[in-house]
Amino acid sequence: MSELQELCRTFSSKASHTRVSPTRPIRWWTEKDRLDGSVVDAFVVIFATGGCSWAQRSGCTMCGYGNDSVGTAVSAADLEQQLQTALRDYHGEPLVKIFNSGSFLDEDEIPLPARKTLLSAFQNATKISVESRPEYITEKTLIHIQEILGARQFEVGIGLETANDVVRDKAIN
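Enquirer: What am I meant to see in the packing of helix 4 (residues 112-120) against helix 5 (residues 139-149) here?
Expert: Helix packing for two helices is described by the angle between their axes and how far apart those axes are. With their axes 9 Å apart at the nearest point, helix 4 and helix 5 run at an angle of 40° to one another. Between helix 4 and helix 5, the crossing angle belongs to the class labelled oblique. Considering how the two elements wind past one another, helix 4 and helix 5 form a crossing that is right-handed. Of the residues in helix 5, those in contact with Leu112, Arg115, Lys116, Leu119 and Ser120 of helix 4 are Thr141, His144, Ile145, Ile148 and Leu149. By residue class, the composition of the contact of helix 4 with helix 5 is five nonpolar, three polar and two charged.

This is the structure in structure tokens:
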């Protein structure tokens, strides 16, 4: 392991996890965003999970997502309880952004039964947006999501921290 990865691991291990309880989302709110050329209300929810698998191994030097994680695995039942809390403030916004301070498509962070429940809960949404590391975006996963969402739009955000391999490997891990 490189010195940078070891330093990142040290920082990650000292992260103060903001959520003690895995049964309540980190935060949720409504904001304005663009959808199909119009400004619409968007519902945003950040679910508390065990956190990004890369952050647990060593993490990126610029990322604070580890601070928004429970620090241990979160069950599908815990995520469903978080969902019920957030749904109290969902009023049919057409755009829903589901975040978890990691990769929504990582089954270790969001178990398959929970993924189906979370995506199915927002029936009025025209579009659902999530974030994921690219290695979790597979044909099998996308087919599964299409079976859940049907013709509704699904967007996966992928962070591009740099286009330079040296900066990626040596500066931000």
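The rest of the description comes next.
Enquirer: Help me understand the pattern of salt bridges, please; the structure alone is not making it clear to me.
Expert: If the charged atoms of two oppositely charged side chains come close together, the side chains can form a pair. What the rule picks out here adds up to five salt bridges. A salt bridge links Asp33 to Lys97, with the shortest nitrogen-to-oxygen separation between them at 2.5 Å. With a gap of 64 residues between them, Asp33 in strand 1 (residues 27-35) and Lys97 in strand 3 (residues 95-99) connect regions that are remote in the sequence. The partly exposed category is assigned to Asp33, whose relative accessible area is 25%. In this structure, Arg133 and Glu135 form a salt bridge, with 2.8 Å as the shortest nitrogen-oxygen distance. Taking the relative accessible area as the measure of exposure, Arg133 reaches 26% and is therefore partly exposed. Beyond isolated ion pairs, a larger network of salt bridges with shared partners links Glu31, Asp33 and Lys97.

Each value, and the rule that gives it
Residues numbered from 1 in each chain as written. Predicted model: local features only at pLDDT ≥ 70, side-chain atom pairs only at ≥ 80, totals over all residues. Heavy atoms only, no water. Axes fitted to C-alpha atoms, helices over the stretch in contact; angles between N-to-C directions. Helix = DSSP H or I, 4+ residues; strand = E, 2+ residues; numbered from the N terminus. Parallel < 35°, antiparallel > 145°, perpendicular 65-115°, else oblique. Left-handed = near helix turned anticlockwise from the far one by under 90°. Contact = heavy atoms within 4.5 Å. Nonpolar A, V, L, I, M, F, W, Y, C, P; charged D, E, K, R; others polar. Salt bridge = Lys/Arg side-chain N within 4 Å of Asp/Glu carboxyl O. Buried < 20%, exposed > 50% of the residue type's maximum accessible area, 1.4 Å probe, protein only.

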